[in-house]
Structure formats: C-alpha cells, structure tokens
Amino acid sequence: MKKRLTLDEFLEYTLIMLIIAAIALVGNWVSSKFTASFVDSIPGILILLGIALVGTTLAKVIPLKIPAIIWITVIGILLAVEGSPTAAYVTEAVGKIGLLPLATPVLAYAGVNIGKDWAEFKKISWRGILVTLCVMIGTFVGSAVIANIILYAQGIV
Amino acid sequence: MEKTKTILKAWPLHLTLLAVVLLCEQINTIKIPVGNASIMFLPLLYAMVIGLALYLIKPVKWINDESSKTANSFVTLGISVFIAKIAVNSGAAIMTIVRSGYVLPLVLQEFGNLGTILVALPIALLFGFKREAVGMTHSIAREPNVAYIAQRYGLDSPEGRGVITVYTVGTVIGTIFMNLLVSLLAGLNLLHPYALAMACGVGSGSMMAASSAPLLAMFAEGTTEYTMVSSLAGLSNTFSTADGILMTIFIGLPLCNWLYKVLYPVIGAGRKEKNA
C-alpha cells in the first residue's frame, strides 16, 4: 500500500488547522475574560498546531493503517511526559491555552456542516430518533458503569 | 492549488464563524439547576446550534451548500488541534494513569460500548424494526461502522438503512445530546467523574469534546481533576479509534445478530413492520 501526499493536500490541511487555531486563539483570550496575555498564549497554540500537523502528515506518509489521532496522541504524550526534555516548556506553554476553546470553532463548523444532513434527518421517523438516543445512552452508560465498577473495585474511587 | 483556493475563497464563512465563536465564549457557561443537579450549557454547544441555524435560516448568502461541504474538512481536521492539547495533558498524567491502576478500567470500559446492543436492540424490536434493528444497534454507527455494514450487507439492505439512520441522527443531534446526557449524569452524582470521562471516547473527536465538556466545567483548569478528566476522555477516545472497528467485527455485530435471533421471535414477530 503506497500513500502519496500532494503539496495541495498538505497546504489544504495546514491552512484548515491554521484557521481553526487562529479562531481558537482569539476565543481562548475572550474565554479568559481578557485576563490572560494574548501574546503569551501564542507559543502554546503553535506547539499544538505543530503536533497536529506532524501527526496528520505521519498518518498520510507512513504506509500503515494508523489514524492521525493515534500519532497525535503519541507525539503529545512524548513531548509532555515527565522526564522528557521538552516536558517543562511544553506543559507551561500549552497550559496557557484552555482545552474547551479549542473545540468551540470546530463545533461551529460542525453546525454548518450538519446543515446539509438536515433534509435526510427530517425524513427519519420518531422511532428512528428514539432508537438512536438509546444507542447513545447504551454505549455511554455501558462504558461508564464498567469503568466505575472497576475503579471502585480497585479502591481508586 | 485548487483545494487551498476553495478554502481561501470561503473567507466570509471563516470570519462569520470567528464572530460566532467570540460571541459564544463571551456568553460563557450557563448552569441551569434541575433539582439537586444542574444542566450545563457550554460555548461549544451554542457554537454548534448557531452554525446550524446559519445554514438552515440562511440569513447570510455566503453560508450555503458549498460552505457546508467546506466545513466538513474543518471538523475532521480541525479537531486534531484539540486532540493535541488532550495529548499534552495526557503526557502530564500518563505516569499517574499507569501507576495508579487506571489502565485496566480504561481498557475494559471499551466493552461497555456493547451496551448499545442490550439497551437499544429490544427497543428497536418493540418499535417494529426487523433486520434494520441490527444495523441500528450493533454499534454507535460512526464512519468506520457504516463502512463495514456497507461492505457486509450493502447500504440498500435493511441493515444498511438501519446504520444510515443512526448515523444521520447521530450526526445531527448526537453531539448536542451527548453534551446534555453527560451534564445530567454528572449532576446526578451516581457515577464518578473519572468513570464518566472514560466513557466519553466513542471514536469521534467532536462527540468526545462535547461529552467531556460538562465534566471539565466542574473543575478549574490546571487542577489534577481537570487534567485527569481530559486525559482519561482523550485516551478512551484514542482506544476506541484503534479498537472500535475490531470490536464491531468480532463482538458487536455477531452478538447483535445472535441477540436478534433470540429476541425477534419473542418481541419482534407479528409486529407491523416499520420503516426507519
């Protein structure tokens, strides 16, 4: 299996992540009620952007079926794990960016994106909708109950 | 440079969403008390609802079908910056997670995703669904599961129609629903926030963001709890991405098919067939 990454594709995802990161950076500042220094939060967002870009690129050029999220998780952990030479700086810089402000722009785009599924969604009966809600409840509660039982059995919670 | 040009040409969309995000962050979290618990409304939820409203009501002409298509890659790729932040948090927490016994619950809770079959399949049969029910309830129906059902049964089969139904509903209201569900469960205080955090990973970054948000809003950023909740949610999502489809192929779908055979004669047979 050979993967090829074109320049156009590379520029496309770089640009997309750059736009999301830029919106998130300003959002993060507003979210902190303008108490955080805007300039101080720039290195943090650049590090996150770098991790996301490297992870995505690795997923595209390495001929294994490993999704980008796994590469990103591994790189992020390696940069911040105790004992890693970058840990202190990375943790400090990235700490200036809140977690949830990074998700807000993505969900704004998600809202616009799901708009086109609206017509299909409206055709679905209330039964289909209720079953879907049960699917989500079942998945979530199933996992949470198992996790809770084991955490409890181990004496952690 | 076609793709890059398309994105740059959509600059009014980006500026509009920048304004939407700033507005949502300015409004900030709203907590509405329900009995002893409270439901939390978070900026990411308003942003999604406003984004959808902009598309549906069309107050501005530059948010249209084309921008909706452009927005798709912003969701799939944009979430990776958020994932990167979670990964850095996980780096700080990983030693605690490994040393203090969090790995076992993190791994075993993955099997909890099969809970959908136990909860939703009987209900789907009660509603009169037949083989659609298997497509609907064998997994949480995200992209990899849809692809697998398509390959196995074809998308024009009853199973295919079922998986597409749950996929579509999940796409449109799943994120919002998960956000409210977790906010309610966290308020009920029956399950520990760490257990709820581990359940947030279903293999979709934006769903994980929306479902972990109410848990995160309970703690101050920078506290141990905050780092742990975000790391556990992130790691469970990474695990689900890695094992989700294997779980479907080897356990979820066979289990669902078996349970269908057992339950259909009991609660399904004789009901008027319904379409999804």
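Criteria and cut-off values
Counting from 1, residues in each chain are numbered in the order their sequence is written. Chains carry letters from A onward and ligands carry numbers from 1 onward, assigned in written order. The predicted origin of the model limits local features to residues at a pLDDT of at least 70 and limits the giving and counting of side-chain atom pairs to 80 or more, whereas totals for whole chains, interfaces and linings rest on all residues. As a convention, hydrogens and water are excluded, and side-chain values are obtained from all of the structure's heavy atoms. Residues with no salt bridge and a relative accessible area higher than 30% make up the patches, which join like charges within 9 Å and nonpolar side chains (Val, Leu, Ile, Met, Phe, Trp, Tyr) within 5 Å. Note on areas: Shrake-Rupley with a 1.4 Å probe; residue coverage comes only from the protein chains shown. The salt bridge definition used is simple: a Lys or Arg side-chain nitrogen within 4 Å of an Asp or Glu carboxyl oxygen. Think of it this way: any DSSP run of H or I at least four residues long counts as a helix, any run of E at least two long counts as a strand, and we number them from the N terminus. The span one expects for a helix is its residue count, reduced by one, times 1.5 Å. Under the scheme applied here, a residue whose accessible area is under 20% of the maximum for its type counts as buried, over 50% as exposed, and between as partly exposed, the area being computed with a 1.4 Å probe on protein chains only. Residue contacts are counted whenever heavy atoms from the two residues lie within 4.5 Å of one another. Residues enter a nonpolar core if they are buried and are Ala, Val, Leu, Ile, Met, Phe, Trp, Tyr or Cys, with the set joined through side-chain atoms within 4.5 Å. Those domain boundaries reflect an automatic or database domain assignment. Grid spacing is 1 Å over the protein atoms alone, the probe is 1.4 Å, and a cavity is where that probe fits but cannot get out, while a pocket is an open set with protein on both sides within 12 Å along at least five of seven lines and lining residues have an atom within 4 Å of a point. Grid points are joined across faces, edges and corners, and a volume is the space filled by probe spheres set on the points. Each residue receives one of three labels: charged for Asp, Glu, Lys and Arg, nonpolar for Ala, Val, Leu, Ile, Met, Phe, Trp, Tyr, Cys and Pro, and polar for the others, Gly being one of them. Only the contacting stretch of a helix is used when fitting its axis, a line to C-alpha atoms as for every element, and angles between N-to-C directions run 0 to 180 degrees. Any angle that falls under 35 degrees is termed roughly parallel, while one over 145 is termed roughly antiparallel, one within 65 to 115 roughly perpendicular, and all others oblique. By the definition used in this description, the sense in which the near helix is turned from the far one sets the handedness, with an anticlockwise turn below a right angle giving left-handed and a clockwise turn giving right-handed. What pLDDT reports is the predictor's confidence in each residue, on a scale of 0 through 100. Accessible surface is computed with a 1.4 Å probe, and the buried area is the amount of it that two parts give up when combined, taken over both parts together. Any N or O atom pair separated by 3.5 Å or less is treated as a polar contact, with the protein-specific requirement of one donor-capable and one acceptor-capable atom, and with residues adjacent in sequence counted only for side-chain atom pairs.

1. Some thoughts on a nonpolar patch on the surface
All names here are of chain B.
Then, number 1: Among the surface-exposed residues, Val98, Val103, Leu104, Val107, Leu108, Phe111, Leu246, Phe250 and Ile251 lie close enough to one another that they form a single nonpolar patch of about 760 Å² accessible area.
Then, number 2: The element that contributes the greatest number of residues to the nonpolar patch is helix H5 (residues 103-108), accounting for four residues.
Then, number 3: Tracing the sequence through the fold places Leu108 in helix H5.

2. Quick notes on helix H1 (residues 7-31) of chain A
Then, number 1: In this model H1(A) runs 35 Å from its N-terminal to its C-terminal C-alpha over 25 residues, within 8% of the 36 Å that 1.5 Å per residue would give.
Then, number 2: The first or second residue beyond H1(A) is Lys33(A), which carries a positive phi of 55 degrees.

3. Quick notes on helix H6 (residues 115-126) of chain B
Then, number 1: Taking 1.5 Å as the rise per residue, H6(B) with 12 residues should run 16 Å; its terminal C-alpha atoms sit 17 Å apart, in good agreement.
Then, number 2: Within H6(B) the residues assigned to the buried category are Gly115(B), Thr116(B), Ile117(B), Ala120(B), Leu121(B), Ala124(B) and Leu125(B).
Then, number 3: Tucked into the core, H6(B) has its buried residues touching helix H7 (126-153) of chain A together with helix H7 (132-137) and helix H12 (224-268) of chain B.
Then, number 4: Among the residues trailing H6(B), Gly128(B) stands out with phi positive, at a value near 95 degrees.

4. Considering the nonpolar core
Then, number 1: Counting residues in hydrophobic clusters, the biggest one holds 133 residues, and the most contacted among them are Tyr109(A), Phe140(A), Phe82(B) and Leu232(B).
Then, number 2: Split by domain, this core shows at least three residues from each of two domains, domain 1 (7-115) and domain 2 (124-157) of chain A.
Then, number 3: The contact partners of Phe140(A), leaving out residues within four places of it in the chain, are Met178(B), Leu181(B), Val182(B), Leu185(B), Leu196(B), Ala199(B) and Cys200(B).

5. Overview of empty space enclosed by the protein
Residue and element names in this part refer to chain B.
Then, number 1: Following the criterion strictly, the structure yields two cavities of 30 Å³ or more and no others.
Then, number 2: The element that contributes the greatest number of residues to the lining of the largest cavity is helix H4 (residues 65-99), accounting for four residues.
Then, number 3: Among the residues forming the lining of the largest cavity, the class breakdown is six nonpolar, four polar and no charged.
Then, number 4: Volume-wise, the second largest cavity comes out at about 30 Å³.
Then, number 5: Contributing to the lining of the second largest cavity are Ala186, Asn189, Leu191, Pro193, Leu196, Leu215 and Met218.
Then, number 6: The class makeup of the residues in the lining of the second largest cavity is six nonpolar, one polar and no charged.

6. Examining the layout of surface pockets
Then, number 1: The computed volume of the second largest pocket comes to approximately 420 Å³.
Then, number 2: If you go around the second largest pocket, you meet 23 residues; those closest to its centre are Ser31(A), Leu100(A), Pro101(A), Glu221(B) and Tyr226(B).
Then, number 3: Of all the secondary-structure elements, those providing two or more residues to the lining of the second largest pocket are H1 and helix H5 (100-114) of chain A together with helix H3 (43-57) of chain B.
Then, number 4: The leading source of residues in the lining of the second largest pocket is H5(A), at three residues.

7. As for the domain arrangement of chain A
Then, number 1: Partitioning chain A into structural domains gives domain 1 (7-115) and domain 2 (124-157).
Then, number 2: For domain 1 of chain A versus domain 2 of chain A, the distance between C-alpha centres works out to 29 Å.

8. Brief notes about unusual backbone geometry
Then, number 1: The backbone of Phe34(A) shows a phi angle near 60 degrees, a positive value even though the residue is not glycine.
Then, number 2: Secondary-structure assignment places Phe34(A) in the loop between H1 and helix H2 (42-61).
Then, number 3: For Phe34(A), a relative accessible area of 44% corresponds to the partly exposed category.
Then, number 4: Here Asn189(B), not a glycine, exhibits a phi torsion of approximately 65 degrees, which is positive.
Then, number 5: Positionally, Asn189(B) belongs in the loop between helix H9 (158-188) and helix H10 (193-199).
Then, number 6: Overall, Asn189(B) belongs to the exposed group, its relative accessible area being 62%.

9. Structural notes on the packing of H5(A) against helix H11 (residues 205-216) of chain B
Then, number 1: Running from amino to carboxyl end, H5(A) crosses H11(B) at an angle of 140 degrees, the nearest separation of the two axes being 10 Å. One finds that H5(A) runs oblique with respect to H11(B). Considering the relative orientation of H5(A) and H11(B), their crossing is left-handed. Contacts from Leu100(A), Ala103(A) and Leu107(A) of H5(A) reach H11(B) at Ser206(B), Ala209(B), Ala210(B), Ala213(B) and Leu216(B).

10. A closer look at the confidence of the model for chain B
Then, number 1: Model confidence for chain B is summarised by a mean pLDDT of 93, while 98% of its residues fall at 70 or above.
Then, number 2: Confidence scores differ between elements of chain B, with strand E2 (residues 37-41) of chain B showing the lowest mean pLDDT of 79 and helix H2 (residues 11-27) of chain B the highest of 98.

11. A look at the interface of chain A and chain B
Then, number 1: Contacts between the two partners involve 89 residues from chain A, matched on the other side by 115 residues from chain B.
Then, number 2: Summed over both partners, the interface of chain A with chain B buries about 9000 Å², with 81% contributed by carbon and sulfur atoms.
Then, number 3: Across the contact surface, chain A and chain B share zero salt bridges.
Then, number 4: Applying the counting criterion to the chain A and chain B interface returns 15 residue pairs in polar contact (both at pLDDT 80 or more).

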